[in-house]
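Below are the chains, spelled out letter by letter.
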Amino acid sequence: MGSVSQLGYFSERKGKRTNTFPKGVLLGAVALLVFAAGAIVFGQTTGIGVIKHRAGSPVAIRDVTITRSADDSVMVKDARNGALIAAYEKDRGGFVRGSLRAFERMRMVAKVSETAPYRIIKWEAGTVSLSDTATGERIYLEAFGKDNAAAFEVLLGQRRGASQ
């Protein structure tokens, strides 16, 4: 048996380019990027195919504090006067509790006060949002389903201390 060079392995490949990227794939990727950029420019200039969230003006606003107690119950209080709006035991208020966990995480990352109020807003379009006054984050609650948005709308509907 001869050596690899005697078998002609290297001599056959000498001078040939290896591992080249297929030109068709490269051209396809460039074409896709050009199309995507063109679609964005077209949508922004004409408004066709663009979905815009139009909530309108706020119709009701309430600032609340949401706290978790040692027994893992969640209490929602009016931020202005401290009146208790709702209390959720350990196994109740799932979406309110889950939202609190998400906002607690955002506050921890942003290193802001845990005692700052949250803002519940009902908009002209009928949507409800929850904002964190400390971080500026806002979520439109209908994105999680109407029942979950209603869980916060109930808190807004308690008129003690709510502003219109």
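Just above sits the structure.
What counts, and where the lines are drawn
Residues numbered from 1 in each chain as written. Predicted model: local features only at pLDDT ≥ 70, side-chain atom pairs only at ≥ 80, totals over all residues. Heavy atoms only, no water. Patch = residues over 30% accessible without salt bridge, like charges linked within 9 Å, V, L, I, M, F, W, Y side chains within 5 Å. Areas by Shrake-Rupley, 256 points an atom, 1.4 Å probe, with all protein chains shown as cover. Salt bridge = Lys/Arg side-chain N within 4 Å of Asp/Glu carboxyl O. Helix = DSSP H or I, 4+ residues; strand = E, 2+ residues; numbered from the N terminus. Pairing = 2+ DSSP bridges. Axes fitted to C-alpha atoms, helices over the stretch in contact; angles between N-to-C directions. Contact = heavy atoms within 4.5 Å. Phe/Tyr/Trp six-rings, centres within 6.5 Å; stacked < 30°, edge-to-face > 60°. Lys NZ or Arg CZ within 6 Å of the ring centre and 35° of its normal. Parallel < 35°, antiparallel > 145°, perpendicular 65-115°, else oblique. Nonpolar A, V, L, I, M, F, W, Y, C, P; charged D, E, K, R; others polar. Core = buried A, V, L, I, M, F, W, Y, C linked by side-chain atoms within 4.5 Å. Buried < 20%, exposed > 50% of the residue type's maximum accessible area, 1.4 Å probe, protein only. Polar contact = N/O pair within 3.5 Å; in protein donor to acceptor, adjacent residues only side chain to side chain. 1 Å grid on protein atoms, 1.4 Å probe; cavity = no way out; pocket = protein on both sides within 12 Å on 5 of 7 lines; lining within 4 Å. Points joined across faces, edges and corners; volume = space filled by probe spheres on them.

**Side note on a nonpolar patch on the surface**
So, point 1. Residues Phe21, Val25, Leu26, Val30 and Val34 make up a contiguous nonpolar surface patch of roughly 490 Å² in combined accessible area.
So, point 2. Here Val30 is to be found in helix H2 (residues 23-46).

**Quick look at the sheet that holds strand S3 (residues 84-88)**
The pairing of strands in a sheet comes from backbone hydrogen bonds and takes either a parallel or an antiparallel form.
So, point 1. Taken in spatial order, the six strands of this open sheet run S3-S2-S1-S4-S5-S6, and their pairing is antiparallel. Taken across any chain shown, the strands that pair with only one partner, and hence form the sheet edges, are S3 and strand S6 (138-140). Going from strand to strand, the sheet's axes swing by 25° on average, the running direction of each strand aside.
So, point 2. Of the strand pairs in this sheet, strand S1 (residues 58-68) and strand S4 (residues 118-123) are connected by six bridges, and their pairing is antiparallel. Counted as the bridge partner of Ile61 is Ile121 from S4.
So, point 3. In this fold helix H3 (residues 94-110) packs onto S1, strand S2 (74-78), S3, S4, strand S5 (128-132) and S6, with an angle of close to 80° to the strand it touches most, S1.
So, point 4. In this fold helix H4 (residues 146-157) packs onto S1, S2, S3, S4 and S5, with an angle of close to 100° to the strand it touches most, S4.

**Brief notes about the packing of aromatic side chains**
So, point 1. This structure, assessed with the given rule, holds four aromatic pairs.
So, point 2. The ring of Tyr118 has Arg107 lying over it, and the distance from NZ or CZ to the ring centre is 4.1 Å.

**Here's the deal with the packing of H3 against H4**
So, point 1. At their nearest, the axes of H3 and H4 sit 9 Å apart, and the two run at 85° to each other. The orientation of H3 with respect to H4, classified from their angle, is roughly perpendicular. Between H3 and H4, the contacting residues are Phe95, Val96 and Ser99 on the first element and Asn148, Ala151 and Phe152 on the second.
So, point 2. Here the contact of H3 with H4 is built from residues that sort into four nonpolar, two polar and no charged.

**Observations concerning the pattern of salt bridges**
So, point 1. Applying the stated criterion across every chain, the model contains four salt bridges.
So, point 2. One salt bridge connects Glu153 with Lys122, and the closest N-O pair in it is separated by 2.3 Å. Taken together, the positions of Glu153 in helix H4 and Lys122 in strand S4 put the pair 31 residues apart, joining distant regions of the chain.

**A few points about the nonpolar core**
So, point 1. Residues Ile66, Val76, Ile120, Phe152 and Leu155 are the most contacted members of the largest nonpolar core, which totals 21 residues.
So, point 2. Elements that contribute at least two residues to this core include exactly S1, S2, S3, H3, S4, S5 and H4.
So, point 3. Contact partners of Ile120, with chain neighbours within four places excluded, come to Ala60, Ile61, Arg62, Val64, Val128, Ser129, Leu130, Phe152, Leu155 and Leu156.

**Concerning the side chain of Ser131**
So, point 1. Of note, Ser131 is situated in strand S5.
So, point 2. At 3.0 Å, the side chain of Ser131 forms a polar contact with the side chain of Arg138.
So, point 3. The contact partners of Ser131, leaving out residues within four places of it in the chain, are Tyr118, Arg119, Ile121, Glu137 and Arg138.

**Here we look at the layout of surface pockets**
So, point 1. Counted as a void, the largest pocket has a volume near 240 Å³.
So, point 2. In terms of lining residues, the largest pocket is bounded by 14 residues, among which Ile66, Glu104, Arg107, Glu114 and Tyr118 are the most central.
So, point 3. Of all the secondary-structure elements, those providing two or more residues to the lining of the largest pocket are S1 and H3.
So, point 4. Looking at the lining of the largest pocket, the element that brings in the most residues is H3, giving five residues.
So, point 5. Residues that form the lining of the largest pocket fall into these classes: six nonpolar, three polar and five charged.

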